[in-house]
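# Structure at a glance
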Amino acid sequence: MNKIYLILILFTFVGIIFANVDKAEVSCTCDENCNDGNQCTLDKCNNGCCSNTPININDNNACTVDSCNPKTGISHTPVNCDDGNSCTADSCLCDKGCQHVPIACDDNNACTVDSCSNSTGCCHTPMNCDDGNPCTVDSCSNSTGCCHTPINVDDHNACTEDKCTKNGGVTHTPICCDDYNACTVDSCSNSTGCVHTPIACDDNNACTVDSCSNSTGCCHTPLSCDDGNPCTVDSCSNSTGCCHTPINVDDHNACTEDKCTKNGGVTHTPICCDDYNACTVDSCSNSTGCVHTPIACDDNNKCTVDSCSNSTGCCHTPISCDDNNACTVDSCSNSTGCCHTPLSCDDGNPCTVDSCSNSTGCCHTPINVDDHNACTEDKCTPNGVTHTPICCDDNNPCTIDSCSNSTGCIHTPMSCDDRNPCTSDFCSWEKGCQHVPLSCNDFNACTVDSCSNSTGCCHTPMNCDDGNPCTVDSCSNSTGCCHTPINVDDHNACTEDKCTKNGGVTHTPICCDDYNSCTVDSCSNSTGCVHTPINCDDNNKCTVDSCSNSTGCCHTPINCDDNNPCTVDSCSNSTGCCHTPINVDDHNPCTEDKCTQSGGVTHTPICCDDNNACTVDSCSNSTGCTHTPLKCDDGNPCTIDSCSNKTGCVHTPMNCDDGNFCTVDSCCATGCVHTPIVVDDGNPCTVDSCCNSTGVVHTPVNCNDNNIFTCDYCSIKQGGKCVHVPLTQCKTFGKCGDDL
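Note that the coordinates shown come from a computational prediction; the quantities given were computed from them, not determined experimentally. (Residues numbered from 1 in each chain as written. Predicted model: local features only at pLDDT ≥ 70, side-chain atom pairs only at ≥ 80, totals over all residues. Heavy atoms only, no water.)

### Regarding the overall build of the protein
Formally: To qualify as a helix, a DSSP run of H or I must reach at least 4 residues; to qualify as a strand, a run of E must reach at least 2; elements of each kind are numbered from the N terminus. Computation of the radius of gyration draws on C-alpha atoms alone. For the globule rule, the value is 2.2 Å times the number of residues to the power 0.38. Only protein chains enter the accessibility calculation, which uses a 1.4 Å probe. A residue is then buried if its area is under 20% of the maximum for its type, exposed if over 50%, and partly exposed in between. By definition in these notes, contact holds between two residues if any of their heavy atoms fall within 4.5 Å. Here the open area of atoms and residues is found with the Shrake-Rupley method and a 1.4 Å probe, where only the protein chains shown may cover a residue. Under this rule, positive means Lys or Arg and negative means Asp or Glu; His and the chain ends count for nothing. For charged residues, the charge sits on one atom: NZ in Lys, CZ in Arg, CG in Asp, CD in Glu.
Helix and strand counts for the protein come out as 2 helices and 58 strands. Taken over the C-alpha trace, the protein has a radius of gyration of 67 Å; the compact-globule value for 740 residues is 27 Å, which it surpasses by more than 25%. C-alpha atoms of the protein, sized along the principal axes, occupy 185 × 150 × 35 Å. Looking at the protein as a whole, 22% of its 740 residues are labelled buried. A separation threshold of at least 6 residues defines the contact pool for the protein, and within that pool the share at least 24 residues apart is 27%. With the model as given, the accessible surface of the protein reaches about 48,200 Å², and the carbon-plus-sulfur share is 53%. Here the protein carries 23 positive and 96 negative side-chain charges, and the mean point of each set is 6 Å from the other.

### Section: the environment of Asn683
Turning to its location among the elements, Asn683 is positioned in the loop between β54 (671–676) and β55 (686–691). In sequence terms Asn683 and Asn33 are 650 residues apart; their C-alpha atoms lie 162 Å from each other.

### Quick look at the pattern of salt bridges
Pairs can form between side chains of opposite charge once their charged atoms are near each other. The line we're drawing: Any carboxyl oxygen of Asp or Glu that lies within 4 Å of a side-chain nitrogen of Lys or Arg is treated as forming a salt bridge with it.
Here the structure, examined in full by the defined rule, presents 5 salt bridges. A salt bridge links Glu161 to Lys163; the nearest nitrogen and oxygen atoms lie 3.7 Å apart. Taking relative accessible area as the criterion, Glu161 reaches 41% and is therefore assigned partly exposed. Taking the shortest distance from any N to any O, the salt bridge between Lys498 and Glu496 comes out at 4.0 Å.

### Focus on a nonpolar patch on the surface
The line we're drawing: Residues qualify for a patch when their relative accessible area is over 30% and they have no salt bridge, like charges being joined within 9 Å and the nonpolar side chains of Val, Leu, Ile, Met, Phe, Trp and Tyr within 5 Å.
A contiguous nonpolar patch, built from Val233, Ile247 and Val266 and spanning about 220 Å² of accessible area, is present on the exposed surface. Its place among the elements puts Val233 in strand β17 (residues 232–237).

### Quick word on the pairing of strand β3 (residues 64–69)
The criterion, for reference: For two strands to be treated as a pair, DSSP must find at least two bridges joining them.
Note that β3 and strand β4 (residues 73–78) share 6 bridges and pair antiparallel. In the sheet register, Cys68 faces β4, and the bridge partner there is Ile74. Linking two consecutive strands that pair antiparallel, namely β3 and β4, is a turn of 3 residues.

### Structural notes on the state of the cysteines
Applied cut-off: Cysteine sulfur atoms that pair up within 2.5 Å are treated as a disulfide.
Considering all chains together, one arrives at 46 disulfides under this definition. Across a sulfur-sulfur distance of 1.8 Å, Cys297 and Cys314 are joined as a disulfide pair. Here Cys297 and Cys314 share a disulfide; its torsion about the S-S bond, -75°, makes the bridge left-handed. Placement of Cys297 in the loop between β22 (289–294) and β23 (304–309) and of Cys314 in strand β24 (residues 313–318) is noted, with a sequence separation of 17 residues between them. Exposure remark for Cys297: the relative accessible area of 13% places this residue in the buried category. You can call Cys314 partly exposed: its relative accessible area is 33%. The thiol of Cys176 is unpaired, and the distance to the nearest cysteine sulfur, on Cys177, comes to 6.8 Å. Judged by relative accessible area, which is 60%, Cys176 ranks as exposed. Here Cys219 stays free of any disulfide, with the sulfur of Cys691 as its closest cysteine sulfur at 4.1 Å. Residue class for Cys219 comes out buried when judged on its relative accessible area of 16%.

### Let's talk about the pairing of strand β51 (residues 639–644)
For β51 and strand β52 (residues 648–653), the ladder comprises 6 bridges, and the chain directions are antiparallel. Pairing of Thr639 across the sheet is with Pro653, part of β52.

### A closer look at unusual backbone geometry
A positive phi is found at Asn324, a non-glycine position, where the angle reads about 55°. Note that Asn324 resides in the loop between β24 and β25 (328–333). Although it is not a glycine, Tyr515 sits at a positive phi angle of roughly 55°. Note that Tyr515 resides in the loop between β40 (505–509) and β41 (519–524).

### Quick notes on the confidence of the model for the protein
Rules: Confidence of the prediction at every residue is given by pLDDT, a number between 0 and 100.
In this model, the protein carries a mean pLDDT of 80, and residues with pLDDT of at least 70 account for 94%. Element-level mean pLDDT values for the protein span from 43 in helix α1 (residues 2–19) up to 89 in strand β42 (residues 528–533). In this model, residues 1–25 is a region of pLDDT below 50 whose contacts with residues beyond four sequence positions or in other chains number 18 contacts.

### Some thoughts on the nonpolar core
As a reminder, the rule being used: Here, the term nonpolar core denotes a set of buried Ala, Val, Leu, Ile, Met, Phe, Trp, Tyr and Cys residues that are joined through side-chain atoms within 4.5 Å.
In this structure, Cys63, Val65, Val79, Cys81 and Cys92 together form the largest nonpolar core, which totals 5 residues. Contact partners of Val79, with chain neighbours within four places excluded, come to Ala62, Cys63, Thr64, Val65 and Cys98.

### Quick notes on the side chain of Asp36
In plain terms, the rule: Pairs of N or O atoms are called polar contacts if they sit within 3.5 Å, as long as, within protein, a hydrogen donor faces a hydrogen acceptor (for residues adjacent in sequence, only side-chain-to-side-chain pairs).
Within the fold, Asp36 resides in the loop between α1 and β1 (41–46). On the accessibility criterion, Asp36 (12% relative accessible area) is buried. At a separation of 3.0 Å, a polar atom in the side chain of Asp36 contacts the side chain of Thr41.

### A short note on the environment of Ala493
Along the polypeptide, Ala493 turns up in the loop between β38 (480–485) and β39 (495–499). Judged by relative accessible area, which is 29%, Ala493 ranks as partly exposed. With 33 residues separating them along the chain, Ala493 and Ser526 place their C-alpha atoms 5.5 Å apart. In contact with Ala493, other than residues within four places in its own chain, are Ile510, Cys523, Ser524, Asn525, Ser526, Thr527 and Gly528.

### Observations concerning the side chain of Thr591
Turning to its location among the elements, Thr591 is positioned in strand β47 (residues 591–595). At a separation of 3.1 Å, a polar atom in the side chain of Thr591 contacts the main-chain carbonyl oxygen of Asn588. Polar contacts involving the side chain of Thr591 include one to the side chain of Asp593, which spans 3.1 Å. If sequence neighbours within four positions are ignored, Thr591 has contacts with Asp586, His603, Thr604, Pro605 and Ile606.

### Thoughts on the environment of Cys691
Checked against the element boundaries, Cys691 lands in strand β55. We classify Cys691 as buried; its relative accessible area is 16%. In this structure, the C-alpha to C-alpha distance between Cys691 and Pro174, residues 517 residues apart in sequence, is 35 Å.

Below is the structure:
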């Protein structure tokens, strides 16, 4: 199509040329004499000859077809950009031409598959969310897509294992709570699950060690109270346990250490009262024990400090007589103490003043010989004080030498001024006064430099006027005259700035019309012409907004029909197309609500049977299916009540056998009772106990004191007290025991 437009433009241009061939030689005096009546030429008179030049009809807009009619002039016909495709938004850009931008078909609904048909536009196909799993409820969320929610199989009974079967049924299998531990009673709580309650094995007898074996149950092992110490009497109390009573070895003498030996004998060893202190006399009192009396260390000497050391005894430390005075000699007398004799400081030198400082000792200060005259050298000799005049000659021909009593030598610079401003005057060490001609170059290219004997250097300004009214004449100190064009810039990008021959400045406004209806033409003082695209957005999501260079903004309504009878189709100016599912909810959780393909609504009752004989199934219009657990309590504490999902309530007689040979097991109104059996055999010389695995045990009391010189036995007559009879007595009577 663009080639056709170019050919038309070419033919128009050629026609204009041929139409004006005959007129090219027309003579003229002004432009009006050259008017050829053709709106497509620019008519001018140049040097008496007419010229009819074809005008430029190109508006630099790719969205128009440019042509020129000799009668009506230039025309810019808008290009048709419709590509007949419902899946593109068609528009035209001035610099690029027709644009076909794919439209967005995303309806932001995760439950549809979005696509586009060239003939009908956007399509939104509902997504299939069936996962083929009977144990999930399948649905779809507009925001997240398909949801597969596992069905709830929980019967709220911690004593069952809940499952969903492959065919969609629900099972509740009772769990096994046996922990195979003879030390626990196993049961199950509907709320918390298996409970393993430890059994109590305490026989309230401190003379047995109570324990429990996971395989056999409670055990009560007799406690051994022998501490292996011959210096204690060992026994056991059923209430407090083992007793180890020390034998009495005290001889009531504070000067002996009383002990019981490993073989059971008693010793009384004199204690040692030496405190290892050389400053005390050590002794012992039978009533109070060790006594430590301090010794006297005074040596009656004024020049010592008397003290006592625990390791060496009396100490006599010489005292310090230093009075911290450097002007005394310090000493000490045994009878009177410290003495401080004054020091002599005379050094026999007539040029010093002798004195003494308490902190530093003797001082020998030189006498003052200064006569306060800076022109003399002051000294002290063995014969007295002298003041000798100093020499001030500095051997410099450029100074005048003298001496001041207050400041000393003075060297005044000599004046070499010859009163000529065109010379530089100075004094040389070798030659004396010198007068060198002065340089008047001021290094300024804008002055003519010279020197006058009366006034000195002269710098006459240079004339830089170039007679041009359009330049500013100036001079640079480094380069000389400068002729800078005057600044005609008014800093306005919307004017053409010039300087005239008479020196005036003109600012002509520029033209910014781009002949485009889709732009607002203006001029910015800072940047120049501005062609601002007009905003065609009508803030309406229900229209497709575009702009035509010839007519301006276009707002085309969009199509929101999703061809779904189960949605109400509309358009919101703020959000665009809306496909609102029709409301099929009858607010009854006991029905399944659906919209059919024909657009009708169905409410199908749901099935609440959970195939569990342990629940009563029903449906509530407010909450939906309810599975109320069946109450199986028969009020009998001697049965274990449970429920079978298949048959219903089960009442199993309780087994009260705790496997313990030390209890009598029965069941009463409160449940299982385990009564401890009586183990006392009435014999004080046996320790009575019971072992859960074997029954009652009567262990003879052990009276062996591990002494080979005694006959040991337990006396029934003395209530189970251990008796230790000397072996000689047993041999005399030939027997050992209560019938001795």
